[in-house]
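Notes for the structure review
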Amino acid sequence: MNRFGVDFPIAILSGSSHPVLAGKIADKLGRKLTSVDCFKFRNDNTFCKINECIRNHDVYIIQTSTIPVNDTLMETFLLIDAAKYASAGRITAVLPYFPYVRSDKKDQPRISVAARLVADLLSTAGVSRVITMDLHSDQITGFFRSLYDQFYASAAILPYLRKRDLANHVVVSPDIGGMKRAKYVAVQLGLPLAVFNKQRMGNNDQVEVAEVIGDVDGKHCLLVDDEISTGGSVLRAYENLVKMGALSMAAICVHGVFVDGALDRLEEAGIDEVVCTDTLPQDGDAHRFLTVLDITDILAEGILRTHEGRSIGAMFGQ
Ligand code: R5P
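About the thresholds
Residues numbered from 1 in each chain as written. Predicted model: local features only at pLDDT ≥ 70, side-chain atom pairs only at ≥ 80, totals over all residues. Heavy atoms only, no water. Near = heavy atom within 4 Å. Polar contact = N/O pair within 3.5 Å; in protein donor to acceptor, adjacent residues only side chain to side chain. Areas by Shrake-Rupley, 256 points an atom, 1.4 Å probe, with all protein chains shown as cover. Helix = DSSP H or I, 4+ residues; strand = E, 2+ residues; numbered from the N terminus. Nonpolar A, V, L, I, M, F, W, Y, C, P; charged D, E, K, R; others polar. Expected span 1.5 Å × (residues − 1). Buried < 20%, exposed > 50% of the residue type's maximum accessible area, 1.4 Å probe, protein only. Contact = heavy atoms within 4.5 Å. Arc of directions from axis to C-beta. Salt bridge = Lys/Arg side-chain N within 4 Å of Asp/Glu carboxyl O. Pairing = 2+ DSSP bridges. Axes fitted to C-alpha atoms, helices over the stretch in contact; angles between N-to-C directions. Domains from an automatic or database assignment. Buried area = accessible area lost by both parts, 1.4 Å probe.

1. Quick word on the site of the ligand
Among the 14 residues in the neighbourhood of the ligand, the closest are listed as Asp 225, Asp 226, Thr 230, Gly 231 and Ser 233. Here Asp 225 contributes a side-chain N or O atom positioned 2.5 Å from an oxygen atom of the ligand. Expressed as a share of its isolated accessible area of 370 Å², the protein-covered part of the ligand is 95%. Secondary-structure elements contributing two or more residues to the shell around the ligand are strand S9 (193–201), strand S11 (220–228) and helix H6 (232–243). Here the element with the most residues in the shell around the ligand is S11; it accounts for four residues. Here the residues of the shell around the ligand sort into one nonpolar, six polar and seven charged.

Rendered as structure tokens:
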């Protein structure tokens, strides 16, 4: 029974994007994943069926934005719709890496704001609440018409970074937009902060780094970002930091998207270490310099608190 006097059981459902994470969350909560079938017909239409009764249940659908992104997203909508038709009591979409997260503003003429559209479509599908982790920007939090909570991977990243000797280290943000996130890490670790003034050239993932604000000469750098996709931002930052006299650089991100052989290129460039979390499926053994941090505890604890009507902010010192 939760504090509102409502007695409805939790059901944890996994989309096909990250069954390992969903399974670990279910284990942590002492539950079995609710059986679900999702597949594509030969005509490319997606089909989802929930194989167990979830009537009046508090349903959590675990899905993250893996490639092919549009298929994964459609599956999310269909699972929400299926849960609604199955008379779920409440439906929460747990989307650690939010689909289309970087399309968060109208900064060119005649473009869509896809992250806002996704938030709208989740509501249309019938979601009661959305849970995400470390969104690309704060304005996205205002896109949701449903209830909404953001979780932070810093609860996994900070303990990992505190294990190393942080003498002579500086936290670096690869761009002005990420400064708040990097500053939080710097403050928590008691380290100075440096910030790059990064510019994207057009829409083809090309990055140009103009200048850095802060002192990196003779320092070990911890580059902190929300995600690494092509690795272009990290590579440009590394090249510039080396030119400016930095001794080494580790790249720390929440979402390891790693497209187009990004990890190989980062390793070849001589970057010391890449750290990400498992908001996306990772093969931590594939690269000697990739460390994957587990966010199961954060998501499981947040789901339990949501179910019981307890504070989420308290998990993150808010
Ligand atoms: C963009 O502003 C983000 O914060 C990341 O810096 C970006 O998504 C990384 O992408 P890439 O690895 O392709 O440079």
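2. Details of helix H2 (residues 69–85)
Given 3.6 residues per turn, any residue in an α-helix points the same way as the ones three and four places further on. The terminal C-alpha atoms of H2, which comprises 17 residues, lie 25 Å apart, in line with the 24 Å expected from a rise of 1.5 Å per residue. Of all the residues in H2, the buried ones are Thr 72, Leu 73, Glu 75, Thr 76, Phe 77, Leu 79, Ile 80, Ala 82 and Ala 83. Its buried side turned inward, H2 meets strand S1 (10–14), strand S2 (36–40), strand S3 (46–50), strand S4 (58–62), strand S5 (90–95) and helix H3 (114–125). Looking one or two residues past H2, Ser 87 carries a phi angle of roughly 65°, positive in sign.

3. A closer look at the environment of Lys 49
By the element assignment, Lys 49 lies in strand S3. On a C-alpha basis, the gap between Lys 49 and Phe 39 in space is 9.2 Å, while along the polypeptide they are 10 residues apart. With sequence-adjacent residues up to four places away left out, Lys 49 is seen in contact with Ser 35, Val 36 and Asp 37.

4. Points about helix H7 (residues 262–269)
Taken together, the buried positions of H7 are occupied by Ala 262, Leu 263 and Leu 266. The buried side chains of H7 occupy one side of the element, clustering within an arc of 95° when seen end-on. Contacts from the buried residues of H7 go to S11, H6, strand S13 (273–277) and strand S14 (290–293). Two residues or fewer past H7, Gly 270 is found with a positive phi of approximately 100°.

5. Focus on the pattern of salt bridges
Here the structure, examined in full by the defined rule, presents 19 salt bridges. A salt bridge links Asp 278 to Lys 24; its shortest N-O distance comes to 2.8 Å. Of this pair, Asp 278 sits in the loop between S13 and S14 while Lys 24 sits in helix H1 (residues 19–28); the two residues are 254 residues apart in sequence, bridging distant segments of the chain. The partly exposed category is assigned to Lys 24, whose relative accessible area is 29%. For Arg 164, the salt bridge goes to Glu 273, with nearest N and O atoms at 2.6 Å. You can see Arg 164 sitting in the loop between helix H4 (154–162) and strand S8 (169–173) and its partner Glu 273 sitting in strand S13, a full 109 residues away along the chain.

6. A few points about the sheet that holds S4
The five strands lie next to each other as S1-S4-S5-S6-S7, forming an open sheet whose pairing is parallel. Looking at the sheet topology across the chains shown, the edges are occupied by S1 and strand S7 (147–151). Here the average twist between neighbouring strands, direction ignored, is 20°. Sheet topology places strand S6 (residues 129–133) next to S7; five bridges connect them, and they run parallel. In the strand pairing of S7, Val 130 is matched with Tyr 148. Of the strands in this sheet, S1, S4 and S5 are in contact with H2, which crosses S5 at around 165°.

7. As for the domain arrangement of the protein
Parsing the protein into structural domains produces domain 1 (10–152 + 296–316) and domain 2 (155–293). Distance between the C-alpha centres of domain 1 and domain 2: 27 Å. At the junction of the two partners, domain 1 supplies 21 residues and domain 2 supplies 18 residues. If you sort the residues of domain 1 by the area they bury against domain 2, Tyr 97, Arg 102 and Asp 134 come out on top, with a joint share of 36%. The interface formed by domain 1 and domain 2 contains three salt bridges. Residue Asp 138 is joined to Lys 180 by a salt bridge in which the shortest nitrogen-to-oxygen separation is 2.6 Å.

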